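In case you want the letters, here they are:
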Amino acid sequence: MKLTLREMILISIFAALTAVGAFIRIPTPLVPFTLQFLFCAYSGVFLGGRKGFYSQILYVGIGLIGMPVFASGGGPAYVLQPTFGYLLGFIACSYTIGRLVQHFSTITFIKVYSAVLLGLFFVYVFGVGYLYLIVNFYLHKQMTLQAAIGVGLLPYISSDLILSVLITLTAVRIIPILRKSGYSVSTFNSR
Amino acid sequence: MLTDIMLGQYFPGNSLLHLLDPRTKIISTILFISSIFLADTYQAYIILAAFIVFIIALAAIPPTMILRSLKPLWIIIVLTLLIHIFTTPGSIIYKIGPLAATQEGVRQGLFMTIRLVFLIVVSSLLTFTTSPIALTDGIERLLNPFKKIGLPAHELAMMMTIALRFIPTLLEETDKIMKAQMARGADFTSGNILRRARNMIPLLVPLFISAFRRADELATAMEARCYRGGHQRTRMKELQITTRDWLAYGVLGIIIGVLVAVRITLR
């Protein structure tokens, strides 16, 4: 991997933005939702697959060495938290979205929205899967997959779907400008 | 508000723990955290607790700081305890409605909870006694051997430093933009979810513009100062392994030895 200085800085900034997203909590009647997913998806959209992937790895790495950048703290012990899977999901999500968006020659709402939804799908596959594994094999408690989905997916899915619309709406306007201005952090020539 | 969030929990000091090489601290933390999983008897937990109290005292970190690091996780801590007490099968000691607390449950719950508390305390001790810069320096040096297989150790450490530097800045920026937009009539706290999501646009657009601008400015500033990666870079403060560090490894080795012995003899 050879990164230019500007790429390195953008990766760091998106890792920092994801951390900021964990602190912005929007109070809703049911579960408060954070903006981590939003910035994670944006990192894929704006930076492209490879760099988006690095930015999320960096974010998770910073949290794991003990900086309190996750929704509830940080530190190596976070690996044992049932919710750690979502963080792994963010890495996969950013990569997927970035890879797909990079290869779109024309940017339309439908295309970007389906890329974001696929990314979201990965967040939940990792998130709910990890939740299920941790509860059953670390905490040694019986939990059915249905119960895991009920706890880990249903309360959040509606707000995440709305966030996806928001991401797509802003992305379809910003990507063409980025590409035209040659800022092009997500053009085709990235390896 | 947002800016109240304390980041980089570094607690400056001059204790033996503060003076250890960051590499020693990172390696010892990982080793010690893994050794916590060796404990499965009351005796082992007492030894662990005594040792943790000893290092907290050695680091001269006020106990209130330690408690504060546990605060954000208290829900999970209490939940772990309750789930284990009420769902483990065994001899029933207490009943509330359909829930039955069992003796085995209390034991298992206590163990799991104390283990979780130990894990959090030990890992936060690392960030309490090591400044973020020293920490990333240590990580860079630890990852150096992996350079041969293509891992960009210096770049990673640099990106970590930049990200850590920018988190407070971006938090402050977010706070400022929110207030500025609220003064113009933006509303972030009412309406249904759909409305709230749409109201985020006046926050997000300026935030991204400012983030990209800052990235550009920083890149220019670094290039103007002839930054060109880790190659042949010299440092003002070189990391050094001293007698202190070997002493720390020795003490850790003894503790792990004792834990292994306790595990084997007290089954």
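Computed from a predicted structure; not experimentally measured.

Scoring rules and cut-offs
Residues numbered from 1 in each chain as written. Chains lettered and ligands numbered in written order. Predicted model: local features only at pLDDT ≥ 70, side-chain atom pairs only at ≥ 80, totals over all residues. Heavy atoms only, no water. Helix = DSSP H or I, 4+ residues; strand = E, 2+ residues; numbered from the N terminus. Buried < 20%, exposed > 50% of the residue type's maximum accessible area, 1.4 Å probe, protein only. Pairing = 2+ DSSP bridges. Contact = heavy atoms within 4.5 Å. Buried area = accessible area lost by both parts, 1.4 Å probe. Salt bridge = Lys/Arg side-chain N within 4 Å of Asp/Glu carboxyl O. Patch = residues over 30% accessible without salt bridge, like charges linked within 9 Å, V, L, I, M, F, W, Y side chains within 5 Å. Areas by Shrake-Rupley, 256 points an atom, 1.4 Å probe, with all protein chains shown as cover. UniProt positions renumbered as here; feature names shortened; annotations may be inferred. Expected span 1.5 Å × (residues − 1).

**A look at the environment of A:Leu178**
Residues and elements named next belong to chain A.
Then, number 1: Counting through the fold element by element, Leu178 comes out in helix 7 (residues 154-180).
Then, number 2: Given the relative accessible area of 10%, Leu178 is considered buried.
Then, number 3: Sequence spacing of Leu178 and Phe46 is 132 residues, and the spatial spacing of their C-alpha atoms is 8.3 Å.

**Thoughts on the pairing of strand 2 (residues 99-102) of chain B**
Then, number 1: Here four bridges tie strand 1 (residues 92-96) of chain B to strand 2 of chain B, and the two strands are oriented antiparallel to one another. Bridge assignment links B:Tyr94 to a residue of strand 2 of chain B, and that residue is B:Ala101.

**A short note on the interface of chain B and chain A**
Then, number 1: On the side of chain A, 52 residues touch chain B, which itself brings 61 residues to the contact.
Then, number 2: The junction of chain B with chain A conceals about 5,100 Å² of combined surface from both sides, 82% of it contributed by carbon and sulfur atoms.
Then, number 3: Among the residues chain B hides against chain A, the three largest losses belong to B:Met159, B:Phe208 and B:Phe212. Together they make up 14% of the total.
Then, number 4: Inspection of the chain B/chain A interface yields two salt bridges.
Then, number 5: The partner of A:Arg6 in a salt bridge is B:Glu223, with the nearest N and O atoms 3.6 Å apart.

**Re a nonpolar patch on the surface**
All names here are of chain A.
Then, number 1: Residues Leu100, Leu118, Phe121, Val125 and Phe126 make up a contiguous nonpolar surface patch of roughly 410 Å² in combined accessible area.
Then, number 2: It is helix 5 (residues 109-138) that contributes the most residues to the nonpolar patch, four residues altogether.
Then, number 3: Position of Leu118 relative to the elements: it lies in helix 5.
Then, number 4: Relative accessible area serves as the criterion here: at 35%, Leu118 is assigned to the partly exposed category.

**Considering the pattern of salt bridges**
Then, number 1: Evaluation of the coordinates by the stated rule reveals 11 salt bridges over all chains.
Then, number 2: With a shortest N-O distance of 3.6 Å, B:Arg263 and B:Asp40 are connected by a salt bridge. Of the two residues, B:Arg263 sits in helix 11 (residues 243-265) while B:Asp40 sits in the loop between helix 2 (22-36) and helix 3 (42-59), which places them 223 residues apart along the sequence.
Then, number 3: With relative accessibility at 29%, the residue B:Arg263 sits in the partly exposed group.
Then, number 4: Where salt bridges share partners, they join A:Arg6, B:Asp216 and B:Glu223 into one cluster.

**Regarding the UniProt feature "transmembrane region" (unreviewed entry) in chain B**
Residue and element names in this part refer to chain B.
Then, number 1: With numbering aligned to this structure, UniProt lists the feature "transmembrane region" (unreviewed entry) at residues 42-61, 73-97, 109-128, 149-167 and 246-266.
Then, number 2: As a span, residues 42-61 carries 90% helix and 0% strand, and end to end its C-alpha atoms are 26 Å apart.
Then, number 3: What you have in residues 149-167 is 79% helix and 0% strand, and the ends, taken at the C-alpha atoms, are 31 Å apart.

**Focus: the UniProt feature "transmembrane region" (unreviewed entry) in chain A**
Then, number 1: Here, UniProt's "transmembrane region" (unreviewed entry) annotation points to residues 7-24, 30-48, 57-78, 84-101, 113-135 and 147-172 of chain A.
Then, number 2: For residues 147-172 of chain A, helix accounts for 96% and strand for 0%, while the C-alpha atoms at its two ends are 37 Å apart.

**Side note on helix 7 (residues 132-143) of chain B**
Residues and elements named next belong to chain B.
Then, number 1: The first and last C-alpha atoms of helix 7 sit 16 Å apart over 12 residues, in line with the 16 Å expected at 1.5 Å per residue.
Then, number 2: For helix 7, every residue scored as buried is listed here: Leu135, Thr136, Asp137, Gly138, Ile139 and Glu140.
Then, number 3: Of the surrounding secondary structure, the elements contacted by the buried residues of helix 7 are helix 2, helix 6 (103-129) and helix 8 (153-183).

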